[in-house]
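Chains, contacts and geometry: an overview
Each chain, letter by letter, is given below.
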Amino acid sequence: MTPPVMAAPPANPAPATGLRPHGQGRPCVITRRATFSASHRYWLPELSAEENQARFGACTIAPGHGHNYELIVAMGGGLDADGMVLNLSDVKHAIRDQVTGQLDFRCLNEAWPEFDLSRPEGTLPTTEALVHAIWTRLAPHLPLMGLRLYETDKLWADVVGDSMEAFLTIRTHFAAAHRLARPELSQEQNDSIYGKCARPHGHGHNYLLDVTVRGSIDPRTGMVCDLAALQHLVDDLVVEPFDHTFLNKDVEHFATTVPTAENIALHIADLLSEPVAAAGAALHKVRLQESPNNAAEVFAEVPQLGMRPHALEALAGA
Ligand SMILES: [Zn+2]
Ligand SMILES: [Zn+2]
């Protein structure tokens, strides 16, 4: 068989004007993941045992408890002549030397002086305080764009600079049924807009809900807001009233608003904005995942800060 005739590629493809081979000089963001296991304990010596227990719950129990932390490091810059932002071997060594080699299998309260609570400037080793401390230690060595630290798959913190500002996300879930249909339209019209989702007796989802707040890390408690209070707000205002309901009939708002993932996420943002502000942080984002295949995100701040931790988002579901 005669091979198809193909035009020969140019011996040396000419780069577009001003660009060099191997992407040299063009900007790119790269991410690197690292893990470590460490223990910690929340206990402020200036508070009584009762006050510590009331504020920090089980995190006060001696000698402490541990987590398997996952760190995502986003770095940016122009590509070098080898087509890389940085040599990954250098990235690996910097993260190991500055962070994981110092923290893995250690107690955070003792590993770094930032978390020595006997010092007046010591900070509780919360997720957001830890990711901020990691930023200050990595920034001299790597061109950081953002850091994300997972304490668990239900709690993580992002920082995008060396200020005390951090984004804290908690993940929860609820199960609910809904039907997508506009009451003023016929069944046929609703079928044509919403497809199977317009079937008369509804269907259900296990919704995953991520609530992200933004705030300044308190220099002593290490928190952008009271984590237990935030979890209670989400439970009381969203999970409890939504879980195991038929949203169209059981949640008043959806008697007149079609409960699409977008509308549910918007309603959750409206429910949480003021109470989160009263708790001392700003509601930044609500992300509602309806199924493995679709999710809706609402950036709740006005003016919107946009998608600042976005470089880290691509790895969130990985
Ligand atoms: Zn903990
Ligand atoms: Zn649905």
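Given the structure is predicted, the values throughout are model-derived calculations rather than measurements. (Residues numbered from 1 in each chain as written. Chains lettered and ligands numbered in written order. Predicted model: local features only at pLDDT ≥ 70, side-chain atom pairs only at ≥ 80, totals over all residues.)

On to the overall build of the protein chain, then. Looking only at helices and strands, the protein chain has nine helices and 10 strands in total. Buried positions account for 32% of the 318 residues belonging to the protein chain. Expressed as a percentage of contacts within the protein chain between residues at least 6 apart in sequence, the contacts between residues at least 24 apart total 69%. (Helix = DSSP H or I, 4+ residues; strand = E, 2+ residues; numbered from the N terminus. Buried ≥ 20, exposed ≤ 12 C-beta atoms within 10 Å, placed from the backbone. Contact = placed C-beta atoms within 7 Å.)

Quick look at helix H6 (residues 227-242) now. Compared with an ideal rise of 1.5 Å per residue, which puts 16 residues at 22 Å, H6 spans 21 Å between its outermost C-alpha atoms and is within 8% of the ideal. The largest bend along H6 reaches roughly 40 degrees and is located at Asp235. Inspection of H6 places Leu227, Leu230, Leu233, Val234, Val238 and Phe242 among the buried residues, and these make up the whole buried set. Along its buried surface, H6 packs onto strand S6 (165-178), strand S7 (203-216), strand S8 (245-246), helix H7 (247-250) and helix H8 (261-278). After H6 finishes, the residue His244 shows a positive phi value of roughly 55 degrees. (Expected span 1.5 Å × (residues − 1). Bend = angle between axes of the 7 residues up to and from the residue.)

Right, let's talk about the nonpolar core for a bit. Among the nonpolar cores identified, the biggest contains 67 residues, and Val73, Val131, Ile134, Leu147, Leu149, Val213 and Ile268 are the most heavily contacted of them. By residue number, the principal contributor to this core is H8, which donates eight residues. When neighbours within four sequence positions are excluded, Val213 is seen to be in contact with Leu168, Val224, Cys225, Leu230, Val276, Ala281, Ala282, Leu283 and His284. (Core = buried A, V, L, I, M, F, W, Y, C linked by C-beta atoms within 7 Å.)

Remark: helix H2 (residues 88-103) packs on helix H4 (residues 127-138), axes separated minimally by 10 Å, with the N-to-C direction vectors making an angle of 125 degrees. Between H2 and H4, the angle falls in the class oblique. In terms of crossing hand, the pair formed by H2 and H4 is right-handed. Here Ala94, Gln98 and Val99 of H2 come into contact with H4, specifically with Ile134, Arg137 and Leu138. By residue class, the composition of the contact of H2 with H4 is four nonpolar, one polar and one charged. (Axes fitted to C-alpha atoms, helices over the stretch in contact; angles between N-to-C directions. Parallel < 35°, antiparallel > 145°, perpendicular 65-115°, else oblique. Left-handed = near helix turned anticlockwise from the far one by under 90°. Nonpolar A, V, L, I, M, F, W, Y, C, P; charged D, E, K, R; others polar.)

Model confidence for the protein chain is summarised by a mean pLDDT of 91, while 89% of its residues fall at 70 or above. Throughout residues 1-12 the model reports pLDDT below 50, and contacts reaching past four residues in sequence, or to other chains, amount to zero contacts. Low pLDDT (under 50) marks residues 314-318, which in the prediction has three contacts with non-local residues, meaning those over four places away or in another chain. (pLDDT = per-residue confidence, 0-100.)

Next up on the list: unusual backbone geometry. The residue after Ala62, namely Pro63, is reached through a cis peptide bond having omega 0 degrees. In this fold, Pro63 is placed in the loop between helix H1 (49-56) and strand S2 (65-78). Even without being glycine, His22 reaches a positive phi, approximately 60 degrees. For His22, the position within the fold is in the segment before strand S1 (27-40). The exposure class of His22 is partly exposed, given the 14 C-beta atoms found within 10 Å.

What follows is about the packing of H6 against H8. Remark: H6 packs on H8, axes separated minimally by 10 Å, with the N-to-C direction vectors making an angle of 145 degrees. H8 is crossed by H6, and the crossing has right-handed handedness. Contact residues: Leu233, Leu237 and Val238 in H6; Ile268, Leu271, Leu272, Pro275 and Val276 in H8. Per-class residue counts for the contact of H6 with H8 are eight nonpolar, no polar and no charged.

Moving on, we come to the pairing of strand S10 (residues 294-299). Here six bridges tie strand S9 (residues 282-291) to S10, and the two strands are oriented antiparallel to one another. When the bridges of S10 are listed, Leu288 appears paired with Ala296. The antiparallel pairing of S9 with S10 creates a hairpin that spans two residues between the two strands. (Pairing = 2+ DSSP bridges.)

In this section: the environment of Phe174. Assignment of secondary structure puts Phe174 in strand S6. For Phe174, a count of 20 C-beta atoms within 10 Å translates into the label buried. Along the backbone, Phe174 and Glu240 are 66 residues apart, and their C-alpha atoms lie at a distance of 8.4 Å.

Where burial is concerned, most of strand S5 (residues 155-159) is hidden: four out of the five residues are buried. One ladder, built from five bridges, connects strand S4 (residues 144-152) with S5; its direction is antiparallel. Directly across from Leu147, in S5, lies its bridge partner Val159. Following S4, the chain reverses through two residues before pairing antiparallel with S5. Bridge count between S5 and S6: four bridges; the pairing is antiparallel. Looking across to S6, one finds that Leu155 is bridged to Ile170. Here S5 folds back onto S6, and the loop between the two strands holds five residues.

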